[in-house]
Number of protein chains: 2
Amino acid sequence: MAWSGGTAAADQMVLRRHNLGVVLQHLRDDGPKSRARIAEGTGLNKATVSSLVAELAELGLVREGELERGAVGRPGATVELDGASVCGIGAEVNVDHVACLALNLRDEIVGERRRGLDTRTLAPREVLDHLAVLVAETMDEIAARGAQPFGITFGVAGLVDSAGVLVSAPNLGWHDVPVAGLMFERLGRPPYPLRVENEANLAAIAEAAADRCADRRDLVVLAGEVGVGGGIVSDGRLLRGRRGFAGEIGHLQVDPQGRVCGCGRTGCWETVVGLRALLTAAADPDDAVHDPSLPLEQRLGEINRRAELGDARTLSALHQVGRWLGVGAATLVNVLNPGVIVLSGYFAVVGSWMLESMRAELAARSIAPRAGGCRVELSTLGTSATVLGGARVALESVFEDPAMVRRGDASRAPQTIGGSR
Amino acid sequence: MAWSGGTAAADQMVLRRHNLGVVLQHLRDDGPKSRARIAEGTGLNKATVSSLVAELAELGLVREGELERGAVGRPGATVELDGASVCGIGAEVNVDHVACLALNLRDEIVGERRRGLDTRTLAPREVLDHLAVLVAETMDEIAARGAQPFGITFGVAGLVDSAGVLVSAPNLGWHDVPVAGLMFERLGRPPYPLRVENEANLAAIAEAAADRCADRRDLVVLAGEVGVGGGIVSDGRLLRGRRGFAGEIGHLQVDPQGRVCGCGRTGCWETVVGLRALLTAAADPDDAVHDPSLPLEQRLGEINRRAELGDARTLSALHQVGRWLGVGAATLVNVLNPGVIVLSGYFAVVGSWMLESMRAELAARSIAPRAGGCRVELSTLGTSATVLGGARVALESVFEDPAMVRRGDASRAPQTIGGSR
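Conventions and cut-offs
Residues numbered from 1 in each chain as written. Chains lettered and ligands numbered in written order. Predicted model: local features only at pLDDT ≥ 70, side-chain atom pairs only at ≥ 80, totals over all residues. Heavy atoms only, no water. Helix = DSSP H or I, 4+ residues; strand = E, 2+ residues; numbered from the N terminus. Rg over C-alpha atoms; globule rule 2.2 N^0.38 Å. Buried < 20%, exposed > 50% of the residue type's maximum accessible area, 1.4 Å probe, protein only. Contact = heavy atoms within 4.5 Å. Axes fitted to C-alpha atoms, helices over the stretch in contact; angles between N-to-C directions. Parallel < 35°, antiparallel > 145°, perpendicular 65-115°, else oblique. Left-handed = near helix turned anticlockwise from the far one by under 90°. Nonpolar A, V, L, I, M, F, W, Y, C, P; charged D, E, K, R; others polar. pLDDT = per-residue confidence, 0-100. Salt bridge = Lys/Arg side-chain N within 4 Å of Asp/Glu carboxyl O. Pairing = 2+ DSSP bridges. Buried area = accessible area lost by both parts, 1.4 Å probe. Phe/Tyr/Trp six-rings, centres within 6.5 Å; stacked < 30°, edge-to-face > 60°. Lys NZ or Arg CZ within 6 Å of the ring centre and 35° of its normal. Least-squares fit on C-alpha atoms with pLDDT ≥ 70 in both.

Colleague: For this particular structure, what's the right way to read the overall build of chain A?
Modeller: A tally of helices and strands in chain A yields 14 helices and 17 strands. Expected size for 421 residues packed as a compact globule is a radius of gyration near 22 Å; at 23 Å, chain A falls within 12% of this value. With the principal axes as the frame, chain A shows a C-alpha extent of 70 × 50 × 45 Å. Residues counted as buried form 57% of the 421 residues belonging to chain A. Looking at chain A alone, contacts between residues at least 24 apart form 63% of all its contacts between residues at least 6 apart.

Colleague: Would you mind showing me how to read the environment of A:Ala77 here?
Modeller: Position of A:Ala77 among the secondary structure elements: in strand β3 (residues 77-81). Non-local contacts of A:Ala77, meaning those with residues more than four positions away in its chain, are made with A:Ser34, A:Arg35, A:Glu64, A:Glu66 and A:Leu67.

Colleague: How should the side chain of B:Ser344 be read in this particular structure?
Modeller: You can see B:Ser344 is positioned in strand β15 (residues 340-345). Look past the residues within four positions of B:Ser344 in its chain and what remains in contact with it is B:Glu207, B:Val221, B:Leu222, B:Ala223, B:Gly224 and B:Ser379.

Colleague: Is there a simple way to think about the packing of helix α9 (residues 296-308) of chain A against helix α10 (residues 312-336) of chain A in this case?
Modeller: In a packed pair of helices, the relevant descriptors are the angle between the two axes and the axis-to-axis distance. All names here are of chain A. Two elements in contact, α9 and α10, have axes whose closest approach is 8 Å; the angle formed by their N-to-C orientations is 110 degrees. When the axes of α9 and α10 are compared, the pair comes out roughly perpendicular. Judged by the twist between their axes, the crossing of α9 over α10 is left-handed. Every residue of α10 that contacts α9 at Ile-303, Arg-306 and Ala-307 is listed here: Thr-314, Leu-315 and Leu-318. Split into classes, the residues belonging to the contact of α9 with α10 amount to four nonpolar, one polar and one charged.

Colleague: What is the right way to read the confidence of the model for chain A from this model?
Modeller: Should the pLDDT be low somewhere, the predicted coordinates at that spot are not to be read in detail. All names here are of chain A. For chain A, per-residue confidence averages 90 on the pLDDT scale, and residues scoring 70 or more make up 92% of the total. α10 holds the highest mean pLDDT among the elements of chain A, 98, whereas helix α14 (residues 409-412) holds the lowest, 46. Counting contacts from residues 1-7, a segment whose pLDDT is below 50, to residues more than four positions away or on other chains yields 28 contacts. A low-confidence stretch, residues 409-414 (pLDDT under 50), is modelled with eight contacts involving residues beyond four sequence positions or located in other chains. Per the prediction output, this complex has pTM 0.89; the corresponding ipTM is 0.89.

Colleague: Even after reading the chapter, I still don't get the pattern of salt bridges, so can you show me in this structure?
Modeller: Once their charged atoms are close, side chains differing in charge can pair, the charge on each being opposite to the other. Summed over all chains, the structure comprises 66 salt bridges over all chains. When the shortest N-O distance is used, the salt bridge between B:Arg120 and B:Asp118 registers 3.9 Å. Among the residues examined, B:Arg120 registers a relative accessible area of 47% and is labelled partly exposed. Beyond isolated ion pairs, a larger network of salt bridges with shared partners links A:Glu207, A:Asp215, A:Arg216, A:Asp218, A:Arg375, A:Glu377 and B:Arg242.

Colleague: What exactly am I supposed to notice about the sheet that holds strand β10 (residues 174-177) of chain B here?
Modeller: Hydrogen bonds between backbone groups are what pair the strands of a sheet, and the pairing can be parallel or antiparallel. Residue and element names in this part refer to chain B. Strand order in this open sheet of three strands is β8-β9-β10, and the pairing throughout is antiparallel. Looking at which strands have only one partner, the edges of the open sheet turn out to be β8 (159-160) and β10. By the bridge criterion, three bridges tie strand β9 (residues 166-169) to β10 in an arrangement that is antiparallel. Bridged to Ser-168 within β10 is His-175.

Colleague: Can you help me understand the interface of chain B and chain A in this one?
Modeller: How big an interface is tends to be stated in terms of the accessible area lost upon association of its parts. Taken residue by residue, the interface counts 77 residues in chain B and 78 residues in chain A. Roughly 6700 Å² of surface becomes buried between chain B and chain A when both sides are summed, with 53% attributable to carbon and sulfur atoms. At the surface where chain B touches chain A, the tally comes to six salt bridges. For A:Asp218, the salt bridge identified is with B:Arg242, shortest N-O distance 2.9 Å.

Colleague: Can you help me understand the pairing of strand β7 (residues 148-156) of chain A in this one?
Modeller: Residues and elements named next belong to chain A. With eight of nine residues buried, β7 lies mostly within the body of the structure. Summarising the sheet, strand β4 (residues 86-93) and β7 pair through seven bridges and their orientation is parallel. Bridge assignment links Ile-89 to a residue of β7, and that residue is Ile-152. Two strands pair when backbone bridges link them, and β7 and strand β11 (residues 194-198) are joined in this way by five bridges, in the parallel orientation. In the sheet register, Ile-152 faces β11, and the bridge partner there is Leu-194.

Colleague: I tried to follow the packing of aromatic side chains on my own but got confused; where do I start?
Modeller: The relative placement of two aromatic rings is captured by the distance of their centres and the angle of their planes. Inspection of every chain in the model, using the stated rule, returns two aromatic pairs over all chains. For the ring pair A:Tyr346 and A:Phe347, a centre distance of 4.8 Å and an interplane angle of 50 degrees mean the geometry is tilted. Neither A:Tyr346 nor A:Phe347 differs from the other in exposure class; each is buried. The aromatic ring of A:Phe399 is capped on one face by A:Arg28, whose charged end is 4.5 Å from the ring centroid. Sitting above the plane of the B:Trp324 ring, B:Arg323 keeps its charged end 4.9 Å from the centroid.

Colleague: Whenever I open this one, the relation of the copies chain B and chain A confuses me. Can you help?
Modeller: Think of it as a corkscrew move, a rotation about one axis and a shift along it, taking one chain copy to the other. With an RMSD of 0.1 Å, chain B superimposes on chain A once it is rotated by 180 degrees and translated 0.1 Å along the axis. These values place the two chain copies in the arrangement generated by a two-fold rotation axis.

Colleague: What exactly am I supposed to notice about the sheet that holds strand β16 (residues 375-378) of chain A here?
Modeller: All names here are of chain A. One open sheet accounts for five strands, arranged β14-β13-β12-β15-β16; its pairing is mixed. Edge strands, defined here as strands with exactly one partner in the open sheet, are β14 (237-238) and β16. In terms of strand pairing, strand β12 (residues 219-224) meets strand β13 (residues 228-234) through six bridges, oriented antiparallel. Bridged to Val-221 within β13 is Gly-231. Lying over the sheet, helix α6 (residues 199-210) contacts β12, β13, β14 and β15 (340-345), oriented at roughly 50 degrees with respect to β13.

Printed below as a string of structure tokens:
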């Protein structure tokens, strides 16, 4: 169904810029191929493709690749993405750290920094000062390699409105912080687009891009930390909702008789699947897995170790969290019918012990047979999903309008500051 | 955010057909306007617009309208949609009736038929026989007016897969019925696209089109009957999910301690907001409002009458259902952040008594302030929402490729049979 409110007009004057993007996106999505196969794949004629490829090469965005194998007739030279110097930046404020990552057009990470920071003890402006230092260091690092940023996207764990204001982030204790405006000043009013987005939304973009199988065009990310975040990709596009507040799944009520949540409501999903719920069920309060001074990786490693040893209490806690994951996931399956649910954050680390009970509960509670075909998978992106997604969003402007990288164009481009809609 | 898996290439050869659609959609979405203002609104140049308008007029899809008022300088002649003879057909199988509606390109209903039928006492093939008769009668009616169908969409209350098979419809008692294939044969293998879609999805399309305010680009329809159906429009597009099973909201669990549902699960949303829940709370079993031999309109009219008289039991029942509507709606608001929730079906008839308690519960349970800006409104489309949405989906192929109406093109067009994705 292509029902839609409208279709963009394509006039001669914008057609060529548009088609530069079509070819560049095609090479990203389908991998290196000959000009003849690009023509087949995009519906453009061969002469046009040759001319577009020449312009993209001149812009430094594509290059000649290997000879095409297995084709009938004389093998053609392939074209592949280049753009080693064209970067998108993703950056993140989390409860216990700030992070920054630079990705180039060839999908290579060319800079990554992460700094532990107890963000809850600092004022928002101080945290953003720290983040600005980290971003500046990353910029220096990529500049030393001759690369240049063409966009930056900040991920935060909370509600972000379309002006880039963090309306509410309970786990950071932040309210009404104009993150986009504050970072714009701190970065010296950069000439490229600056956006702010919910962190789980960015993780969803990273997950959908990590594996371009068709099922991932309809994907939900469940990001488990102290809270539980959600990011939704629907038919290949991020689902943001009317004001950018979609995916607030941590406070779905799953147990009206349950615990009181930090938000003041009762029986929210994160009270039974958040990190604290697992740790509380798995170990007594004086157990080292509760010690906030130890790295989370180490504490979760201990949970995995005990599960491997067959410790009954640990296994029971993991199964219980898995069952509750299935309860909430069934709601998402019934509403959204995703092709894949990706467990990220702490869920990805200990998830192998939770999958069986989660899948059973999900199947029992889904209306469509076999959970509507939905698979549950563990993220393989580790702690980088948010910054990786942010860098991809930042690069998207280049894929949409490759001519923007022409020297000087970035500084003439209209500044975009705000939410990423 | 325009993140997306890919962009369609626009080559010279398809550009003109594409742009015919751009102009036609623009006139639908923005209303009659001069060629100069179409050029402004679409980004096409004026000469191209004039030439496209001439071709659309030759196809009978637009015509000259009134002189433009209020413009600076000499008033220009406006162009408006025509296409009185170009129709889309929507048809529906419901629990107690079958229905069919023909809509032309000028948004005029040119034929509408509805027949009471206790579909649960008949085999699916018999019901589809009745529906085919109704469709044939509607076709005769529009043919007598010189109009022609360019697509037909069937709405059914159940899970429809992408091949147009009704996988499961508990309230009809149907399973694995290949509706698309069966209707294709019954209608004599028509040359235009034939699609099958969940009825609430079609209602959502009709509601989004009924008022083109921006908030309705992100809309949820709650259709209250014996069961409760859901249809979701996200960023102006129908959200179908990976296999077409999205919007199955009637069985969201809202009360784990609640009643056993017809589906075998416990505490499903429809056990507390479905028609039976209201009637049971409002009146004793021997009360006339329970009498299935009376028209539903009459029984709901009696509920409204008692509410107006201040009957305590009736008002309490309506408030209780309203409160539960708010509980489930909060889940949808947290996941989807819609701009509008539209209550349709029986909810629209008695909804004015439920809105206050629904809104209070919704606001209390939504994470975003003021329910993320979501409004709750009563449908004004009555019982026609599904067939109207079906007719709109059927007409969409004309808006996307207006040249398809050229005499003979429809019969040469590739046949589309299946779900409406």
